[in-house]
Amino acid sequence: MKKLFLHISLFFSLIGFSQNEQLAQYYYDKGDFEKAKISYEELLQSVPQNYQYFIRTIDCYQQLKEFDVAEKAIQTRLDKYRQSSLLVELGYNFKIQQQDEKAQKYFEQALAKIKSNPNEVYGIANSFEKKVLLDYALKAYQIAVQMQPTFNFNYQMGLLYGQLGNTDMMINTFLDEAFAHPESTILIQNQFSRFMTDEGDAGFSANLRKALITRTQKNQEVYWNQFLSWFYIQQKEFGKAFIQEKAIYKRNPESLNAILNLAQLTIEEKDDATAKTILGFVLENTTEIELLVQANSYLMQLKIDTAPEKDWSNLEMELSALVTKYGISPFTLSLQLMQAHFLTFNLKNPEAGKTIVRTALELPLNEYEMAQAKMELADILLYEAKFNQALLYYTQIENDLKNDAVAHEASLKAAKTSYFKTDLEWALKQFKELKSASTQLIANDALEYFLLINDNTVADSTQVALKAFAKADYLGYQNRNQEAIQAFQAILKQYKGQEIEAVTLLRLGKLYEKTGDFSLALPQYQSIIEQHSDGIYVDEALYFSAELYKNQLQLPEKAKPMYEKIIFNHQDSIYFVEARRKFRELRGDSNL
C-alpha cells in the first residue's frame, strides 16, 4: 500500500512539474520575462543541474537588463561545475553591455580550453553558434582540428563560412567533405541549393560551377561528373547534364537508368528537343526490353503531346506496331495503357481503350502496375460519364495503396469526378483534405479546386455558374476542346463581372494554348491582368503570358517584364522560382 501511495505521489509530482515547465515556456515565448524568470528560477531550484533551465534563467536576467545578477549566477555555476561553455556565456553577458574587451577576454579563455582539451569544442562551439558569434565558432572548430587532426568538422565549418558570406571557402570545404564522405552528398547538395536560389548572391552558382569543373578536370573520379550533372539539373541545363551522364556511362556502361531518369525530368521541364536526343541515345545503346519500352513510351508521349489531329491515325499505327513488336506483357504495360488512353481521348473510341486495359489487368502485375491499369480504366469510365464506376476504381486504388503517392493521385481524381458530376459539396470536402497532401503537385491542384468551389459558392450560393463551369471543365477533360471553348465563352457572356469570370478567362486561355491558338490565348490572360489584378489568378496569367511570348511567339522582350512582375509582386506564387530563373536568363546573367 505504501508503494502505491509513493507511486501516486510521484505521478502527480511529475504532472505538476511538467505544468510548471509549460508555464515557464509560455511566459518566455510571450516575452513576459519577469514571470518567466520566476518560473525558471523555481524549476532550477528543483533541478539545479538542468543546463537548459539555467540558460533560460540567464536569458531572462539579460532581457530584464539584470546583467550583474546574470554575471554572478554564471560565475557561481562555472566555479561549481567547471563547464567551459560558461566562459562563452560570461563573455556574451559583457558583449551585450558593449564591454567588448572584457567579452573578448572570456571568449579567448574558452578557445584556450579547446587547445588544452580538443573535446571541449563540442560545448564551446555550440555556445558560440547559439549566440551567433560565428567567427569564434569557426575558430573553435579550426583549433580543435589543428589539435586533433582526426576530428572532422567540415560540414559545420562549411555552414559557418556560408553564414559569414565566405562562399568560396564554403564551396571548397563542402566539396572536400562530400568527396571524403559520399554519404553526406545529399545533405551538402541541399545546402548548395539554398544558396543557388538566393537572390542575394548572384555569383554563387557561377563559383560552384567553376569549382566543380576544376575538380572534374583535375580528378578523373566519376563522382565529380555525377556532382556536375546534379548542378546542371538544378540550373535546368539538361543538355549539359546529359554530357556528364554520357561521360559517366562510357566509363561504367552497366546501366542507362540514370540517363533515362534524366530524360524523364527533361520531359517534365518541357525541354522536348533535349529529351528526344537523350532518348535516342538510350535506344542506340541498349537491348534491354524494359529500357527500350520505357524510352519508346516517352518518345511516343512527346509525339502525342505535340502532333496535330491530322497525324493521329499515323500515331495510332505507330503505337500498335510498338505493342506488337514488344508483345503483351507486364514489361509493355506503359505502351498498352498509352494506346488505350490515345484511343479513348484522341480517337474517341473508349470501347477499344477499355478492351486493352482489361486485357492488361489479366497479366501478372504487381500492386503498382495493377493500380496504373485500374487508374487508366477509371479515367476511361470517367470519360464515358460513368461516374460511379470510375469512383469505384479510384477508391480501390486508395484502399490498395494507402498513404502512397499513387493513392493520393487516385483521391484527387475521385474528387474531380465528384466535381465533374456537380456533386460540389462532397468534392469540396475531398479537395479540402487533399490540400495538405505530401505530394506538392497534388496539394496545389487540390487547393486550386478548393478555392474555385469555395469562392464561387460564397459569391453565389445557388452555384448555378459554378455548375456550368464544372460541365465545361468536363468537356475539356474529354478532349472536346471546341465544345469546351464554346461553353466557357457562354459563361463569360452570361456571368460577366461576377466571381467566376477570372478563372473562366484562365481556362479559355489554356484551351486556346492546347489547340495552338496562341494569339487567342493571350487576350484571355491580358484581361485577367487588367481587370482582375487583385485576384488569385493574376500570377498565373502573367506566367502563362510570359511563357507564350518566350517559347511560342519568340518575343522574349515582351516576356521579360511579365516574369519581373511575378518576382516583385507575387513572391508567394508557385511560379516565383521559375519566373526568377527565366528572367535572369533573358537578362543575360552569366551565373545561370
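Parameters and conventions
- Residues numbered from 1 in each chain as written.
- Predicted model: local features only at pLDDT ≥ 70, side-chain atom pairs only at ≥ 80, totals over all residues.
- Heavy atoms only, no water.
- Helix = DSSP H or I, 4+ residues; strand = E, 2+ residues; numbered from the N terminus.
- Rg over C-alpha atoms; globule rule 2.2 N^0.38 Å.
- Buried < 20%, exposed > 50% of the residue type's maximum accessible area, 1.4 Å probe, protein only.
- Contact = heavy atoms within 4.5 Å.
- Lys, Arg positive; Asp, Glu negative; His and termini not counted.
- Charge placed at Lys NZ, Arg CZ, Asp CG, Glu CD.
- Salt bridge = Lys/Arg side-chain N within 4 Å of Asp/Glu carboxyl O.
- Phe/Tyr/Trp six-rings, centres within 6.5 Å; stacked < 30°, edge-to-face > 60°.
- Axes fitted to C-alpha atoms, helices over the stretch in contact; angles between N-to-C directions.
- Parallel < 35°, antiparallel > 145°, perpendicular 65-115°, else oblique.
- Left-handed = near helix turned anticlockwise from the far one by under 90°.
- Nonpolar A, V, L, I, M, F, W, Y, C, P; charged D, E, K, R; others polar.
- Core = buried A, V, L, I, M, F, W, Y, C linked by side-chain atoms within 4.5 Å.
- Expected span 1.5 Å × (residues − 1).
- pLDDT = per-residue confidence, 0-100.
- Polar contact = N/O pair within 3.5 Å; in protein donor to acceptor, adjacent residues only side chain to side chain.

A. Representation of the overall build of the chain in the model. Of the regular secondary structure elements, the chain holds 32 helices and zero strands. Computed over C-alpha atoms, the radius of gyration of the chain comes to 31 Å, more than 25% over the 25 Å expected from 2.2 N^0.38 for 592 residues, which places it beyond the range of a compact globule. Projected onto its principal axes, the C-alpha positions of the chain cover 85 × 65 × 65 Å. In the chain, which comprises 592 residues, the share counted as buried stands at 47%. By sequence separation, contacts in the chain at least 24 residues apart represent 50% of the contacts at least 6 residues apart. When the 63 basic and 76 acidic side-chain charges of the chain are each reduced to a single mean position, those positions are 3 Å apart.

B. Fine view of the pattern of salt bridges. Applying the stated criterion to the full structure yields 28 salt bridges. Of the charged contacts in the structure, one is a salt bridge between K236 and E269, with a shortest N-O distance of 3.3 Å. Of this pair, K236 sits in the loop between helix 13 (222-234) and helix 14 (238-251) while E269 sits in the loop between helix 15 (257-268) and helix 16 (272-284); the two residues are 33 residues apart in sequence, bridging distant segments of the chain. In this structure K236 comes out as partly exposed when scored by relative accessible area, which is 22%. The partner of D473 in a salt bridge is R507, and the shortest N-O contact between them spans 2.7 Å. With D473 in helix 26 (residues 464-477) and R507 in helix 28 (residues 501-514), this residue pair connects regions lying 34 residues apart in the sequence. Each member of the pair, D473 as well as R507, is classed as buried. One network of salt bridges, with partners in common, ties together K236, E269, E547, K550, E578, R581, K582 and E585.

C. Structural view of unusual backbone geometry. Its identity is not glycine, yet K65 carries a phi of approximately 60 degrees, on the positive side. You can call K65 exposed: its relative accessible area is 63%. Here the phi dihedral of Q463 falls at roughly 60 degrees; this positive angle occurs in a residue that is not glycine. Here Q463 lies in the loop between helix 25 (440-459) and helix 26. We classify Q463 as buried; its relative accessible area is 16%.

D. Summary view of the packing of aromatic side chains. Under the criterion given, the structure shown has 43 aromatic pairs. Consider the rings of F107 and F128, whose centres lie 5.6 Å apart with planes at 75 degrees: the pair is edge-to-face. Of the two residues, F107 sits in helix 6 (residues 100-116) while F128 sits in helix 7 (residues 121-130), which places them 21 residues apart along the sequence. This pair shows no difference in class: F107 is buried, exactly as F128 is.

E. Expanded view of the side chain of Q189. Mapped onto the elements of the fold, Q189 is located in helix 11 (residues 185-196). In contact with Q189, not counting residues within four places along its chain, are F227 and W230.

F. Representation of the packing of helix 3 (residues 51-63) against helix 4 (residues 67-81). Where helix 3 meets helix 4, the axes come as close as 8 Å, and the angle between the chain directions of the two elements is 155 degrees. By the angle between their directions, the pair helix 3 and helix 4 is classed as roughly antiparallel. Like other packed secondary-structure pairs, helix 3 and helix 4 cross with a definite hand, here left-handed. Contacts between helix 3 and helix 4 pair Y51, F54, I58, Y61 and Q62 from the former with F67, V69, A70, A73, I74 and R77 from the latter. Looking at the contact of helix 3 with helix 4, its residues break down into nine nonpolar, one polar and one charged.

G. Broad picture of the nonpolar core. With 88 residues, the main nonpolar core has V357, Y419, F431, L452, F469 and I500 as its most contacted residues. Discounting chain neighbours no more than four positions away, the residues touching F431 are L412, A415, K416, Y419, A446, Y449, F450 and I453. Of all hydrophobic cores here, the second largest spans 86 residues; its members include I74, L78, A103 and L302.

H. Representation of helix 28. In this model, helix 28 (14 residues) spans 20 Å end to end at C-alpha, consistent with the 20 Å of a helix rising 1.5 Å per residue. Turning to helix 28, its buried residues number three or more, namely E501, A502, V503, T504, L505, L506, R507, L508, G509, L511, Y512 and E513. Here the buried face of helix 28 lies against helix 25, helix 26, helix 27 (481-494), helix 29 (518-531) and helix 30 (538-552). Looking one or two places after helix 28, you find G516, whose phi comes out positive at around 85 degrees.

I. Broad picture of the confidence of the model for the chain. For the chain, mean pLDDT is 93; residues scoring 70 or higher make up 95% of the total. Confidence over residues 4-17 falls short of pLDDT 50; this stretch has four contacts with residues more than four positions distant or in other chains.

J. Region of interest: helix 21 (residues 367-383). In this model, helix 21 (17 residues) spans 24 Å end to end at C-alpha, consistent with the 24 Å of a helix rising 1.5 Å per residue. Counting buried residues in helix 21 gives 13 out of 17 residues, a clear majority hidden from the surface. Among the residues of helix 21, the N-terminal cap falls to N366, whose side-chain oxygen and the backbone nitrogen of Y368 are separated by 3.0 Å. Once helix 21 ends, the next one or two residues include A385, with phi positive near 65 degrees.

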